[in-house]
Amino acid sequence: MDKLIVHGGTPIHGAITISGSKNASLPILAATLLTDEDCVIRRVPDVSDTNYMVQILTGLGADVERFSGTVRVTAADISDTAPYDIVRRMRASVCMMGPLLARKRRCVVALPGGCVIGDRPVDLHIRGLEALGATATIDGGNVVLEAPDGLRGATIDLCGTNGPTVLGTDNVMMAATLAEGITTITSAACEPEVVDLADFLNAMGAKITGAGTPVITIEGVSKLKGCVHNVIPDRIEAGTFMAAAALAGEGVTLRRVHEGHLAAITAVLRKAGHQVHFNDSGDACTVLRGDTPMPAEIVTEPYPGYPTDMQAQMTALFATTPGTSVVVDTIFPQRFMHCAELKRMGADIQVSDGKAVITGVKQLSAAPVMASDLRASAALVLAALTAKGTTEILRLYHIDRGYEHIDEKLLSLGANVERVRE
């Protein structure tokens, strides 16, 4: 396993280009199973999660070619079974259910793994697919879905305990593209990644309207075709580097971003006293650390609210922000494992019932720390940038799940970091 060594105290500055969205790429790659024609997906980030998805597609029998950020998939002759040994490492593999069921009228998909950040059930996915006419059983850790006569359109409410489900919306939307009749998804997730998937499906010949709103309508078609698609920029990677710039920057410019997707993150950074300037086209921004950083409060919410995937990084920023900041996660209340590691570095954080109260300290101190999940690992990297001394971040494979060459991007900004084998 690799670890990241961060020598703190070196300001970052300069410009980087944000990669394509990991969370958009995964369901889009799964959606290529809906057609037997060639699909070309551009700007797919080189991260372990997309590598796992390519392995799953290959394991199902698809012909997959990957080169320079582009993935070409031809799923002409595919299996209907995605076994545990190829889906266990990534929770997003659950989004295979919708396209496999629609294409093959039967699928067997192992219950997935992924980040350990609390209960993330798939019951909404199954309930949505059952509403389309499938029968579902659990057998030996596998979800077996069958619809021998095909799927039928229906009205489906996908609101869960903690709000809409993104992957559940993706799954039902993909399945409904080949269902007979009209499907209406209410309480649909509104995230930009859902919109990007809908744009891809429409380019394949689907008839989807309302993506990006709580009500999505899908008129089923008999066949989908291949297409070419560019994945949207990764708003979480962009937000992470925005927080890094506010924490340890002397002017950092991010290219290939989407201003609208970053509105909630931008608002918090500005409230905390930092400067964020977008260009006229909204596809680049410069972040300047404020002269007098201030505490703030964030509450995670479904899009367009503040994203749960950015609460750990903001916690790292608040750890050295004067005053008392509060971070509440309503989506994954248990997602505060990074706080224990930040406390090892000298942070003053109290966590209780899905809320972290952070009293800013003057400076953190380097310590060996261990990443527990994808976004927690990013928070530890950010904290290490300004900590006194040299921090070793173990289990770097977590950060490699969702950040494309993060060490190389930090080096290009002047950070003193190095990746070494443990």
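Preceding this section is the structure that the text describes.
Peer 1: What should I look at first to understand the pattern of salt bridges in this one?
Peer 2: One side chain can pair with another of opposite charge once the charged atoms of both are near each other. With the rule as written, the count across this model stands at 14 salt bridges. Between lysine 409 and glutamate 237 there is a salt bridge, with its nearest N and O atoms 2.6 Å apart. In this pair, lysine 409 sits in helix 14 (residues 406-412) while glutamate 237 sits in helix 8 (residues 235-248), placing the two residues 172 residues apart along the sequence. An identical accessibility class is assigned to lysine 409 and glutamate 237; each is buried. The shortest N-O distance in the salt bridge between aspartate 309 and arginine 335 comes to 2.8 Å. Highlighted residues: aspartate 309 in the loop between strand 20 (297-300) and helix 10 (311-318) and arginine 335 in the loop between strand 21 (324-329) and helix 11 (337-344), separated in sequence by 26 residues. On the accessibility criterion, arginine 335 (6% relative accessible area) is buried. Three or more residues joined by partner-sharing salt bridges are found here, namely Asp2, Asp400, Asp407, Arg419 and Arg421.

Peer 1: What is the right way to look at the nonpolar core in this model?
Peer 2: When a protein is soluble and globular, its nonpolar side chains tend to lie buried together. Formed by 75 residues in total, the largest nonpolar core has its most connected members in Leu34, Met96, Leu151, Met173 and Leu201. Grouped together as the second largest cluster of nonpolar side chains are 69 residues, Leu254, Ala272, Leu317 and Ala319 included.

Peer 1: Explain helix 8 to me, please; I cannot follow it from the model alone.
Peer 2: Here helix 8 contains 14 residues, and its C-alpha end-to-end distance of 20 Å stays within 8% of the 20 Å for a straight helix at 1.5 Å per residue. Judged by how many residues are buried, helix 8 sits mostly within the fold: 14 of 14 residues are covered. The opening residue of helix 8, the one whose side-chain oxygen lies 3.0 Å from the backbone nitrogen of isoleucine 236, is aspartate 234.

Peer 1: Could you clarify how one ought to interpret the packing of helix 8 against helix 9 (residues 263-271) in this entry?
Peer 2: The angle between the axes and the distance between the axes are what describe a pair of packed helices. Contact geometry for helix 8 and helix 9: axes closest at 10 Å, N-to-C directions at 10°. In terms of their interaxial angle, helix 8 and helix 9 are classed as roughly parallel. From helix 8, Arg235, Gly239, Met242 and Ala246 reach across to helix 9, where they touch Ile265, Thr266 and Leu269. Taken together, the residues that form the contact of helix 8 with helix 9 break down as four nonpolar, two polar and one charged.

Peer 1: I would appreciate a short explanation of the layout of surface pockets in the present structure.
Peer 2: Once rolled over the atoms, a probe with the size of a water molecule shows which space is left empty. In this structure, the second largest pocket spans a volume of roughly 210 Å³. If you trace the second largest pocket, you find 15 residues lining it, with Arg105, Gly150, Leu151, Leu178 and Ala179 closest to the centre. Of the residues that constitute the lining of the second largest pocket, the class distribution is seven nonpolar, three polar and five charged.

Peer 1: Explanation requested: the sheet that holds strand 8 (residues 135-139) in the structure shown.
Peer 2: Pairing between sheet strands relies on hydrogen bonds along the backbone, with the strands arranged either parallel or antiparallel. Read from one edge to the other, the open sheet built from four strands follows the order 6-7-9-8, with strand pairing classed as mixed. Looking at the sheet topology across the chains shown, the edges are occupied by strand 6 (81-82) and strand 8. Looking at chain direction, strand 8 and strand 9 (residues 142-146) are connected through five bridges and run antiparallel. The residue of strand 9 that forms the bridge with aspartate 139 is asparagine 142. Across the sheet, helix 4 (residues 97-104) touches strand 7 (106-110) and strand 9, and the angle it forms with strand 7 is around 155°.

Peer 1: Could you clarify how one ought to interpret a negative patch on the surface in this entry?
Peer 2: The grouping of Glu37, Asp38, Asp63 and Glu65 at the surface amounts to a negative patch. Along the polypeptide, aspartate 38 turns up in strand 3 (residues 38-42).

Peer 1: Looking at this structure, I do not really get helix 5 (residues 123-131). What am I missing?
Peer 2: Residues separated by three or four positions in an α-helix point in the same direction, a consequence of the helix having 3.6 residues per turn. Leu124, His125, Ile126, Gly128 and Leu129 are the residues of helix 5 that are buried. For helix 5, the elements touching its buried residues are helix 4, strand 8, strand 9, strand 10 (155-157), strand 11 (159-160) and helix 6 (166-176). Where helix 5 ends, the next residue or the one after it, glycine 133, has phi of about 110°, a positive value.

Peer 1: Could you clarify how one ought to interpret the sheet that holds strand 3 in this entry?
Peer 2: If you walk across this open sheet you meet the four strands as 4-5-3-16, and the pairing is mixed. Of all the strands in the sheet, just strand 4 (63-67) and strand 16 (228-230) have a single pairing partner and so form its edges. Adjacent strand axes in the sheet meet at a mean angle of 15° when their direction is disregarded. Inspection of the sheet shows strand 3 paired to strand 16 by three bridges, in the parallel sense. When the sheet's bridge partners are listed, isoleucine 41 is paired in strand 16 with histidine 229. The strands touched by helix 7 (residues 192-203) are strand 3 and strand 16; relative to strand 16, the strand with the most contacts, the crossing angle is about 160°.

Peer 1: How should the environment of proline 148 be read in this particular structure?
Peer 2: With respect to the helices and strands, the residue proline 148 is situated in the loop between strand 9 and strand 10. When its relative accessible area of 64% is taken as the criterion, proline 148 is described as exposed. Once the C-alpha coordinates of proline 148 and lysine 104 are considered, the two residues, 44 residues apart in sequence, prove to be 8.8 Å apart.

Peer 1: Which parts of the structure should I look at to understand the side chain of lysine 409?
Peer 2: By relative accessible area, which is 12% here, lysine 409 ends up buried. At 2.6 Å, the side chain of lysine 409 and the side chain of glutamate 237 are in polar contact. Among all residues touching lysine 409, those that are not within four sequence positions of it are Ile16, Thr17, Ile18, Ser19, Glu237, Phe241 and Glu404.

What counts and what doesn't
- Residues numbered from 1 in each chain as written.
- Predicted model: local features only at pLDDT ≥ 70, side-chain atom pairs only at ≥ 80, totals over all residues.
- Heavy atoms only, no water.
- Salt bridge = Lys/Arg side-chain N within 4 Å of Asp/Glu carboxyl O.
- Helix = DSSP H or I, 4+ residues; strand = E, 2+ residues; numbered from the N terminus.
- Buried < 20%, exposed > 50% of the residue type's maximum accessible area, 1.4 Å probe, protein only.
- Core = buried A, V, L, I, M, F, W, Y, C linked by side-chain atoms within 4.5 Å.
- Expected span 1.5 Å × (residues − 1).
- Polar contact = N/O pair within 3.5 Å; in protein donor to acceptor, adjacent residues only side chain to side chain.
- Axes fitted to C-alpha atoms, helices over the stretch in contact; angles between N-to-C directions.
- Parallel < 35°, antiparallel > 145°, perpendicular 65-115°, else oblique.
- Contact = heavy atoms within 4.5 Å.
- Nonpolar A, V, L, I, M, F, W, Y, C, P; charged D, E, K, R; others polar.
- 1 Å grid on protein atoms, 1.4 Å probe; cavity = no way out; pocket = protein on both sides within 12 Å on 5 of 7 lines; lining within 4 Å.
- Points joined across faces, edges and corners; volume = space filled by probe spheres on them.
- Pairing = 2+ DSSP bridges.
- Patch = residues over 30% accessible without salt bridge, like charges linked within 9 Å, V, L, I, M, F, W, Y side chains within 5 Å.
- Areas by Shrake-Rupley, 256 points an atom, 1.4 Å probe, with all protein chains shown as cover.
- Lys, Arg positive; Asp, Glu negative; His and termini not counted.
- Charge placed at Lys NZ, Arg CZ, Asp CG, Glu CD.

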